[in-house]
Amino acid sequence: MAKRLLIVGIAAAIVVIGGGLYLFIGMPSKETIDPIEYFSEFREGQTNVTLEDLRINMEEPVFIKDGLIYVSNEFAKLHVDDAIYYDAHEDILTITNMQQVIRMNINDPTYLINSGESSLDHEIFEHNDRAYIPETYLEEHYPVEFTMGKDERIVKVSDLKVAKRLGVSIDKEAIIRTHPTKQSAIVDVVPEYSEVEIYSEGEDYYRVRNENGMIGYIEKKHVELADVTETQATVVYEPYPIKKPLWSKVRMVWDQMASSAVHSLSASKYSNLDEVNVISPTWFEFSDEDGNLTNRASSSYVREAYSKGLLVWPLMSHSFLNSGWTRDILTSTAKRQHVIDQLIEFAQIYGFDGINIDIENVATDFSEDWVQFMRELYPQLSKLGLTVSVDIYIPSAWSSHYKRDKIAEVVDYFMVMAYDQHWSGSEEPGPVAAIPWVEEGIVLNLEEVPNNKLVLGIPFYNRIWAITDTGLETIAVSMSEVNSRVNNAGATPIFDALTQLNYAHYEYSNKSYHIWIEDKDAVAKRVELMNKYDLAGYACWKLGLETNDVWNELSKLEG
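Fair warning: this is a prediction, and the values are worked out from it, not measured in the lab.

Caption draft 1: Here's a closer look at the packing of aromatic side chains. Counting across every chain of the model gives 25 aromatic pairs. Relative to Tyr-413, the ring of Trp-313 has its centre 5.7 Å away and its plane inclined at 20 degrees; by these criteria the two rings are stacked. Of this pair, Trp-313 sits in the loop between β23 (311-312) and β24 (315-317) while Tyr-413 is found in strand β27 (residues 413-417), placing the two residues 100 residues apart along the sequence. Owing to a relative accessible area of 1%, Trp-313 belongs among the buried residues under this scheme. Chaining the aromatic ring pairs together yields one cluster made of Tyr-270, Trp-283, Phe-284, Tyr-301, Phe-346, Tyr-350 and Phe-352. One residue, Lys-65, lies across the ring of Phe-125, its end atom 4.3 Å from the ring centre. Over the ring of Tyr-306 we find Lys-244; its NZ or CZ atom is 4.0 Å from the centre of that ring.

Right, here's the structure in full:
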């Protein structure tokens, strides 16, 4: 009997203890945390920001001055407009769109829109190497709103493009917690009839932001659903119309001029241009670190090109001998504009129809400045009705910093240089551009560049490789030169299934020669790819290196 009573007593004690633990565990937490200290995204000693239901992890994203909210260029670029750019060395803030280049100077109430003056209600200022933009300017030009939280600890930023469900607290002090459980800590309280923005919901909780800008979870039973906010559209700036648009695919050849101007199209290389509608002479390049350009342009060249039914899109390049100039020029707002001003002046003097930008030595540390150059170039040249095109390497891990997606937004045509798969610095012989490699490059480009802008670069040159006792030798030659060498060596080209190119091998003077041949067959396969992916056309490097039979293949481009 005693044993039975002991067991009953123990069982009763377990029930009592268990019930107590259940009540203890099930009780709502009364722990209150300071959100500024608790959340790692926030920093003490500054005004912090929530953007919708995101806590912003950024040093001094906003600055409060004379009761006005000023927004750092870093926050604005990341969350308002990627085309907001600040040059901290020259104290110039630049904002671009498809029609405008807007320049603001620190502490200057006037600013420029395409060189025309306008005024700010509140000028921008600099603090800790950041430019701070008044909320009034951003709210006027973008679908965004900046509001100081009621307890003045957080600035609430609202994306007005997105509709949000609102709710109203129906309890005197509804609690916002860190997590959707009663046991999580209290972030803030919501007074009765206060508004919250609702971002998501679970079984018992809404994820919300309150009027203080605090983000967390509130029990559904404390909230009555209200209206959905109205939205505001982003202002869309359409490109200026092109004066001389191509009503068909791009059929372009580059015309290299190594040192001096060419004033006549009488040379034999200009006799096979019936399939071409654009010619791109290499007229301009960086001549010094200040952005001055060499000029090999010719008005008579333009006139003769027109007489042949060609548009003229001169090429502007970096200096191949002084690669450091590219960084010097592109990282300076003044020097970038100097380059653009010269191109505008040349266009007015010589009357050409477009520009082709070929800057091949952009490094990762100034890729943002490269994008900025193209963003500033496009609206200014487009305003003149000029066609803007760009040449960029085939996609690869080492060239991702060229930001193809951003560049594609501010050009009319995007030429992918689908060659130099193997080049003079390669450690082993190989093709200039294997066809599978070309197709892979097309597919990768199309992930970032629309097909109606993507122009396929085609090589008219070949590379001859010689393996010797002392190492590897290579030279680049014309299509005709390769044919002569192969014929003279008595070699018979064979089709290489791996590269889908004709291949020749021969031995001569203790050297083993290997050539993956760029010829009409290689061009024909590229035309098939252009038709398959409905690309915008082709651009060939360079005029004069081709054999006559390639033109018949290029004539098969559709469109």
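Read on, since the account is not over.
Caption draft 2: Broad picture of the packing of helix α10 (residues 435-446) against helix α12 (residues 520-532). Two numbers describe how α10 lies on α12: the axes approach to 11 Å, and their chain directions differ by 25 degrees. As summarised for this structure, α10 and α12 are arranged roughly parallel, according to the angle between their axes. Considering only the axes of α10 and α12, their crossing is right-handed. Contacts between α10 and α12 pair Ile-435, Val-438, Glu-439 and Ile-442 from the former with Ala-522, Lys-525, Arg-526, Leu-529 and Lys-532 from the latter. Within the contact of α10 with α12, the residues separate by chemical class into 5 nonpolar, no polar and 4 charged.

Caption draft 3: Expanded view of the nonpolar core. The biggest cluster of nonpolar side chains holds 103 residues, and the ones touching the most others in it are Phe-284, Met-316, Ile-357, Trp-370, Phe-373, Met-374 and Phe-460. Setting aside residues no more than four positions away along its own chain, Phe-460 makes contact with Val-253, Ser-478, Met-479, Cys-540, Trp-541, Lys-542, Leu-545, Glu-546, Val-550, Trp-551 and Leu-554. If you look at the next biggest cluster of nonpolar residues, it comprises 28 residues, including Val-49, Ile-56, Val-62 and Met-104.

Caption draft 4: The arrangement of helix α5 (residues 299-307) in detail. For α5, the complete set of buried residues consists of Ser-300, Tyr-301, Val-302 and Ala-305. Those residues of α5 that are buried are in contact with β21 (250-255), β22 (278-285), β23 and α7 (333-350). With its phi angle positive at about 80 degrees, Gly-309 sits one or two positions after the end of α5.

What counts as what
Residues numbered from 1 in each chain as written. Predicted model: local features only at pLDDT ≥ 70, side-chain atom pairs only at ≥ 80, totals over all residues. Heavy atoms only, no water. Phe/Tyr/Trp six-rings, centres within 6.5 Å; stacked < 30°, edge-to-face > 60°. Helix = DSSP H or I, 4+ residues; strand = E, 2+ residues; numbered from the N terminus. Buried < 20%, exposed > 50% of the residue type's maximum accessible area, 1.4 Å probe, protein only. Lys NZ or Arg CZ within 6 Å of the ring centre and 35° of its normal. Axes fitted to C-alpha atoms, helices over the stretch in contact; angles between N-to-C directions. Parallel < 35°, antiparallel > 145°, perpendicular 65-115°, else oblique. Left-handed = near helix turned anticlockwise from the far one by under 90°. Contact = heavy atoms within 4.5 Å. Nonpolar A, V, L, I, M, F, W, Y, C, P; charged D, E, K, R; others polar. Core = buried A, V, L, I, M, F, W, Y, C linked by side-chain atoms within 4.5 Å.

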